[in-house]
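Chain by chain, the residues run as shown.
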Amino acid sequence: MNTATTRNDHNRISPTAKITAYWRSFSSIPYSKEIAEAVAAEETARKLIGDSIVTRGTISPPMFEARYKTINAGLELTGIENVMELACGLSPRGLEIVSKGGTYIGTDLPEMSAESSRIIMEIAVRENIPVNNLHVQPANVLNPEEMENAAAIFGGMKFAICNEGLLPYLSKDEKARMAGNVRSLLLRVDGSWITMDPVFKVLREAIATMFGEKGREAIRPALNKIIDQTGRDILANDFEDKSQAAKFYQDLGFEIEEFPMYDGSYELSTISMIPESGRRKFLDIISNAKTWIMTPKP
Ligand SMILES: C[S@@+](CC[C@H](N)C(=O)[O-])C[C@H]1O[C@@H](n2cnc3c(N)ncnc32)[C@H](O)[C@@H]1O
């Protein structure tokens, strides 16, 4: 039986990592262009969302650049320099973390993590980034043993966990199982979990309505294609609103602190892709959106 609790087809979600890698490639995020080229991210994005690549092309690069950079801002706020990124896909974050002296462990499903590891390690070697502190490991977020094995690489050092983009694909039951695994890892090191996934719907909807009804219509075909190809109903998996999301994670033993997704403290290099008339509105929306720092309550 393929119930929410027993599904093992998460690999159907993996190609979406190439869509985000493609959107990031327009930005100033270090190494994002070469990663996207190395995996032919544009080709996969075109296959997955078809013509929507054009309609989404103005708004998605700044939205995903801001999401990536706000997670970095959250990590900096915690002051924790070692990071475990869950469902890392083709994230270049490890290269940045290690360049700054931290240890990074990116984790994803086996196939995705193997592809990601090859590319990230190649860049690290070329750029003289110390590979001893850079790891991309297979770990399913729903598998406590695989999560433990990956985290063991830190050898007891304090670390933070971050993720972006996975939670909307998980059912509520899966979200709870993942949260349980994260909680038990973080409790031991007094670490925190940085994400904006639980409230990403609020942002997605605000951005969709930016261009009125036309905007909503433009976003729908891409969402439907992703729902179809991943077999995951992002819309049904989402929380109704921020307070429902907060209650869910508080009940699972987390304290939540939030900070603005955008406060002008980082460069938003892709803002010029939005027609000038919409830029102010977009900045207002991301300034009102929140990123979460979740810390396990003892
Ligand atoms: C939308 S992509 C986001 C990738 C990356 N975080 C980014 O922002 O580019 C979702 C990622 O979740 C990964 N994934 C899906 N199910 C997973 C699971 N159960 N455990 C770990 N990773 C998973 C996929 O392989 C994919 O890389």
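Basis of the calculations
Residues numbered from 1 in each chain as written. Predicted model: local features only at pLDDT ≥ 70, side-chain atom pairs only at ≥ 80, totals over all residues. Core = buried A, V, L, I, M, F, W, Y, C linked by C-beta atoms within 7 Å. Buried ≥ 20, exposed ≤ 12 C-beta atoms within 10 Å, placed from the backbone. Contact = placed C-beta atoms within 7 Å. Helix = DSSP H or I, 4+ residues; strand = E, 2+ residues; numbered from the N terminus. Near = placed C-beta within 6 Å. Nonpolar A, V, L, I, M, F, W, Y, C, P; charged D, E, K, R; others polar. Pairing = 2+ DSSP bridges. Axes fitted to C-alpha atoms, helices over the stretch in contact; angles between N-to-C directions.

A. Seen up close, the nonpolar core. A21, V83, M84 and I161 are the most contacted members of the largest nonpolar core, which has 82 residues in total. The contact partners of V83, leaving out residues within four places of it in the chain, are L75, I97, G102, Y104, F159, A160 and C162.

B. Broad picture of unusual backbone geometry. Within the chain, Y31 stands out as a residue other than glycine whose phi angle is a positive 70°. Judged by the 23 C-beta atoms lying within 10 Å of it, Y31 falls in the buried class. One non-glycine residue, A87, adopts positive backbone phi at about 50°. Take A87: it is sitting in the loop between β1 (83–86) and α6 (93–99).

C. The site of the ligand, seen in detail. Neighbouring residues of the ligand: 21 residues in total, closest H10, S14, A87, G89 and G165. Take the shell around the ligand: its biggest share by element is four residues, from helix α1 (residues 16–24). Of the residues in the shell around the ligand, the class split is eleven nonpolar, eight polar and two charged.

D. Region of interest: the sheet that holds strand β5 (residues 193–195). Taken in spatial order, the seven strands line up as β3-β2-β1-β4-β5-β7-β6 in an open sheet, and their pairing is mixed. Two strands bound the open sheet, and with one partner strand each, they are β3 (134–138) and β6 (254–260). Each strand axis lies, on average, 20° off the axis of its neighbour in the sheet, ignoring direction. Alignment of β1 against strand β4 (residues 160–163), held across four bridges, turns out to be parallel. Following the sheet pairing, E85 is matched in β4 by C162. With respect to the sheet, helix α5 (residues 60–78) is in contact with β1, β4, β5, β6 and β7 (290–296), its orientation differing from that of β7 by roughly 40°. This element, helix α7 (residues 110–126), spans β2 (104–108) and β3 of the sheet and lies at about 165° to β3.

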